[in-house]
Amino acid sequence: MSTTADTLDRTFAALADPTRRAILARLATGQATVTELASPFAMSLPAVSKHLKVLERAGLITRGREAQWRPATLEAEPLHAAADWLEQYRQLWEERLDRLDAYLQEIQGKATTEQGDQEGEQ
């Protein structure tokens, strides 16, 4: 049985490689064969197959069987889980940035007031 942490680990490990991200981007437009997926890369079909196995183990793609070819299809659920996990941190950073913005506006308001006071004394 796979835990959420295990799923996230496999998802982020798979996404860490730019070739695998490019493969997923291609599969977002529809299923493709290994040959079709390999065409933009300067690597062998076995090397692309290894990338596909990583993506498959992460649950990011499935491989079907149609006659003599095995098309790969994007599976979005692990990406949704990763996006949900990242969303927590996006909210945290937005709250921190909002507090920083409020603090900076407060400081600027004080500086403007102090500058006005100094100009009035002259």
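Residues numbered from 1 in each chain as written. Predicted model: local features only at pLDDT ≥ 70, side-chain atom pairs only at ≥ 80, totals over all residues. Heavy atoms only, no water.

Comments concerning the nonpolar core
Inference 1: Leu37, Leu52 and Leu55 are the most contacted members of the largest nonpolar core, which has 16 residues in total.
Inference 2: Counting residues per element, the ones that place at least two in this core are α1 (4-15), α2 (18-27), α3 (34-38) and α4 (45-57).
Inference 3: Non-local contacts of Leu55, meaning those with residues more than four positions away in its chain, are made with Ala14, Arg20, Ile23, Leu24, Leu60 and Ile61. (Core = buried A, V, L, I, M, F, W, Y, C linked by side-chain atoms within 4.5 Å. Buried < 20%, exposed > 50% of the residue type's maximum accessible area, 1.4 Å probe, protein only. Helix = DSSP H or I, 4+ residues; strand = E, 2+ residues; numbered from the N terminus. Contact = heavy atoms within 4.5 Å.)

Comments concerning a positive patch on the surface
Inference 1: Together, Lys50, Lys53, Arg57, Arg65 and Arg70 make up a region of like positive charge exposed at the surface.
Inference 2: Secondary-structure assignment places Arg70 in the loop between β1 (61-63) and β2 (72-74). (Patch = residues over 30% accessible without salt bridge, like charges linked within 9 Å, V, L, I, M, F, W, Y side chains within 5 Å. Areas by Shrake-Rupley, 256 points an atom, 1.4 Å probe, with all protein chains shown as cover. Salt bridge = Lys/Arg side-chain N within 4 Å of Asp/Glu carboxyl O. Lys, Arg positive; Asp, Glu negative; His and termini not counted. Charge placed at Lys NZ, Arg CZ, Asp CG, Glu CD.)

Quick notes on the pattern of salt bridges
Inference 1: With the rule as written, the count across this model stands at 2 salt bridges.
Inference 2: As a salt-bridge pair, Arg90 and Glu87 come within 2.3 Å of each other at their nearest N and O atoms. Highlighted residues: Arg90 and Glu87, both in helix α5 (residues 77-121), separated by 3 residues, approximately one helical turn.
Inference 3: When its relative accessible area of 29% is taken as the criterion, Glu87 is described as partly exposed.

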